[in-house]
Amino acid sequence: MTLKTFKHGIHPDYHKELTAGKKTERAQLPKKVVIPLQQHIGAPCQPLVKKGDTVTEGQKIGDAAAFVTSPVHSTINGKVKEIEKHPHPVGGKIMSVIIEGDGSVKEWGNGSIGLDADTLTSETIKNAIKEAGIVGMGGAAFPTVVKLSPPKDKKIDSVILNGCECEPYLTSDHRLMIEEPEKILWGMKAIMKALGVSSGYIGIEENKPDAIDALEKAKKSIIPDLKIVPLETKYPQGAEKMLIKAILKRRVPVGKLPMDVGVVVHNIGTAKAVYDAVKYQKPLLERVVTISGNGINEPKNLMVRIGTSFDEVINQCGGMKKGLEKLVIMGGPMMGIAQTNLDVPVIKGTSGITVLAGDAIRPAEYQPCIRCGGCVETCPVNLMPYRLTDYARFNEPDRFKAWGGISCIECGCCSFSCPSNRPLVQWLRVGKLRVREAEKAGSR
Amino acid sequence: MTGDIIIISAGSMGIIGAALSLFLAYADKKFKVEEDPRIEDVLQIIPNTNCGGCGLAGCRMFAESVLVGKVSITGCVAGGQSVADALASYLGVETQTANKLYAVVLCRGGEKEAVKSSIYKGEKTCVAANFTGGEKACTYGCFGYDDCVKACKFDAMAMNDNGLPVVFYDTCVGCGACARACPRFIIEMHDVSHKLFNYCRNKDKGAVARKVCKVSCIACSLCVKDCPVEGGIEIIDNLAVVNYDKCPQDTDAPIKRCPTKCILYDEEEKITKEFYYSTLKKTAA
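Residues numbered from 1 in each chain as written. Chains lettered and ligands numbered in written order. Predicted model: local features only at pLDDT ≥ 70, side-chain atom pairs only at ≥ 80, totals over all residues. Heavy atoms only, no water.

Engineer: What's the story with the nonpolar core in this structure? I'm lost.
Structural biologist: Side chains of a nonpolar character, in soluble globular proteins, are inclined to be buried together. By size, the foremost hydrophobic cluster in this structure holds 50 residues, and its most contacted members are A:Ile134, A:Leu195, A:Ile202 and A:Val278. Going through the elements one at a time, α1 (122–131), α2 (144–147), β9 (158–162), α3 (172–179), α4 (181–195), β10 (199–205), α5 (209–222) and α7 (268–280) of chain A are the ones with two or more residues in this core. At 9 residues, the largest contribution of residues to this core is made by α4(A). Aside from chain neighbours lying at most four places away, what touches A:Ile202 is A:Leu161, A:Leu185, A:Leu215, A:Leu226, A:Lys227, A:Ile228, A:Val229 and A:Ile268. B:Cys51, B:Val149, B:Phe197 and B:Leu264 belong to the second-largest nonpolar core, a separate cluster that totals 30 residues. (Core = buried A, V, L, I, M, F, W, Y, C linked by side-chain atoms within 4.5 Å. Buried < 20%, exposed > 50% of the residue type's maximum accessible area, 1.4 Å probe, protein only. Helix = DSSP H or I, 4+ residues; strand = E, 2+ residues; numbered from the N terminus. Contact = heavy atoms within 4.5 Å.)

As structure tokens, then:
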């Protein structure tokens, strides 16, 4: 049987065996957390607490009035030590609330798994999700409630849960699917109810047969007609547009959203967070983070409270290997963000911390383009990266735009496939930035 | 036989060519676009380098705009006073005093001063390095690559041996291309009368700023106290900001007690192009 997939893409070394078989452990309660007031796409939050205030676990400490935004919550019991600019893993410094913990934890209620789906309405589910500050947990951190509130003229007919996890090294979604399939499915049911949609899919790469089994077994009693679709193991299978293409054969037009073709895609981790929010009114306080890579002494999957510093998380995994040159990345090696400071906190979109060392780091030197077309053959959105990068480097935003550069999803396939080792994605990002700058200047 | 072919082809090409040239000559007369002949004259007067300093799309647009009075005759920043005078005499209007601007690089944290926190292996341009943060621990300072130098069309900038860009005071025309190229907004355009500058953009608290660079502004406010006019220098966002409307520019009193020597007086005018290259020759020898 040929598996469903999309055209182009690459087959990197996945290295998932480092952590795929390891049960998720609960990380130590941090003594101090740093909660950035912006962990999502959209308007930044305003702090609701002052220096010296006592806060409890789950208390809302930041919110904004805008539509596209997401509140932030304290993840420990304690006292607000400071509200100041603090380094952020996505770059730069962001206003953050720094909380010193008192060591106690709150119980969020256990009991049987399951929701009383009949009494829940679309409105109550959406409210619970908004109040819980849930954002897309695959990495981009787009507020979930916005995806669940499509404009009236857009008919949504399908929901897809993204369990591909195509990024090398990361196994946080994989472990979640094996360990808590019921919670994911109940969360999925709530999402489908909120959108009023009856057809749901879960896309999983076929290199995770145990996760497919676990979900198949669990779905019978919760959502029997949910389709679990095994997909070819290929990068970037988990990119939203690639996933829709593979499962539903629909193409999202350039500059449009999945909503425009009647689909909403959510991450596995988001579904679990939705369940917690609807069942216990529990905000998004912790998430599974894969700490992996050849620079880590004991790779692990950890349930980490948001706001814990990278340094503390890495130390709980036996620390980094000594003596080698290291590269710490938030996320995976393909799309993750390189870090220059380990004082940064784990945020809602931190799916993993990858530490590469020694030979695993790509050398800095690159050679001239030999026009082999490798980047064109692998680009999942059918661009010509070798050409676009020249437009980016020599600052020609008009041509960059005309050749479709803004539809680049920054997956990194082009850089991966380049035999001359050229940093193509970095240039493409420069090109996209230049187009945005030119548009801003033009509208003035 | 072969002779015929040459004659026929040359003849026919000649006839076609003559016919087309007659048509073109007719079209040139018939469809001529009337253009203000003064535009060409103005383009001769202004530098015609398309630097973008006037804020318009190229020198031709400046010429068109200045003729209809949309922009002032002092609008050409690259040309400065001499072009303003020439334009005034050509257009028969009274000349005005052009404000001469020059670029000031407000970071002195080079290789020797700034602390490095990481190794950067990406593309060596500032705009690309800005995605990850570059090598230096300071998140406000100069990356030390040369986007600004590449942007300069007047050969008025160079990277010094400390990894920082320098502006040649005598060559800089004040077009602002370098300021626009800098992703961290370290380069500012200033009037030539400004002499007192705080060469640091680090908005962190003093303790944090001091750790990342030897010449960072720690917001100790000694310069604020030493400024002869109250409010001449203010601390905004942990940074001493000179208020050029109030602060007198003829005294170096505020810089004397600065513990990190980040606020300096009368530094820019010393560096002329000739001076800079003469120092290079000395170190080479």
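So much for the structure itself; the text now carries on.
Engineer: Even after reading the chapter, I still don't get the domain arrangement of chain B, so can you show me in this structure?
Structural biologist: Put simply, an interface is often sized by how much accessible area is lost when its parts join up. Residues and elements named next belong to chain B. Looking at the assigned domains, one finds that chain B contains domain 1 (38–91) and domain 2 (101–272). For domain 1 versus domain 2, the distance between C-alpha centres works out to 31 Å. Listed per partner, the contact involves 7 residues of domain 1 and 6 residues of domain 2. Across the interface of domain 1 and domain 2, roughly 530 Å² is buried in total on both sides, 59% from carbon and sulfur atoms. Connecting domain 1 to domain 2 are 0 salt bridges. At the surface where domain 1 touches domain 2, the tally comes to 1 residue pair in polar contact (both at pLDDT 80 or more). (Domains from an automatic or database assignment. Buried area = accessible area lost by both parts, 1.4 Å probe. Salt bridge = Lys/Arg side-chain N within 4 Å of Asp/Glu carboxyl O. Polar contact = N/O pair within 3.5 Å; in protein donor to acceptor, adjacent residues only side chain to side chain.)

Engineer: Is there a simple way to think about helix α3 (residues 59–67) of chain B in this case?
Structural biologist: Side chains of residues three or four places apart in an α-helix project in the same direction, reflecting 3.6 residues per turn. Regarding α3(B), the residues found buried are B:Cys59, B:Phe62, B:Ala63, B:Ser65, B:Val66 and B:Leu67. Buried residues along α3(B) sit in contact with α2 (38–45) and α4 (80–91) of chain B.

Engineer: In this structure, what is going on with the packing of α4(A) against α7(A)? I would like to understand it.
Structural biologist: Between two packed helices, both the angle of their axes relative to each other and the distance between the axes serve to describe the pair. Residue and element names in this part refer to chain A. Where α4 meets α7, the axes come as close as 7 Å, and the angle between the chain directions of the two elements is 80°. Compared by their axis directions, α4 and α7 come out roughly perpendicular. In contact with Lys183, Ile184, Trp186, Gly187, Met188, Ala190 and Ile191 of α4, α7 contributes Ile268, Ala271, Lys272, Val274, Tyr275, Asp276 and Val278. Its residues placed into classes, the contact of α4 with α7 shows 10 nonpolar, 1 polar and 3 charged. (Axes fitted to C-alpha atoms, helices over the stretch in contact; angles between N-to-C directions. Parallel < 35°, antiparallel > 145°, perpendicular 65-115°, else oblique. Nonpolar A, V, L, I, M, F, W, Y, C, P; charged D, E, K, R; others polar.)

Engineer: Hey, could you run me through the interface of chain B and chain A in this one?
Structural biologist: Each partner contributes to the interface: chain B provides 18 residues, whereas chain A provides 16 residues. The largest share of the area that chain B buries against chain A comes from B:Lys121, B:Glu123 and B:Phe131, three residues that together contribute 45% of it. If you look at where chain B meets chain A, you find 3 salt bridges. The partner of A:Lys93 in a salt bridge is B:Asp204, and the shortest N-O contact between them spans 2.1 Å. Seen at the junction of chain B and chain A, the total is 8 residue pairs in polar contact (both at pLDDT 80 or more). In terms of residue count, helix α5 (residues 126–129) of chain B provides more of the side of chain B that touches chain A than any other element does, 3 residues in total.

Engineer: What is the right way to look at the confidence of the model for chain B in this model?
Structural biologist: For chain B, per-residue confidence averages 87 on the pLDDT scale, and 98% of positions sit at 70 or higher. With a pTM of 0.83, the predicted complex shows an ipTM of 0.78. (pLDDT = per-residue confidence, 0-100.)

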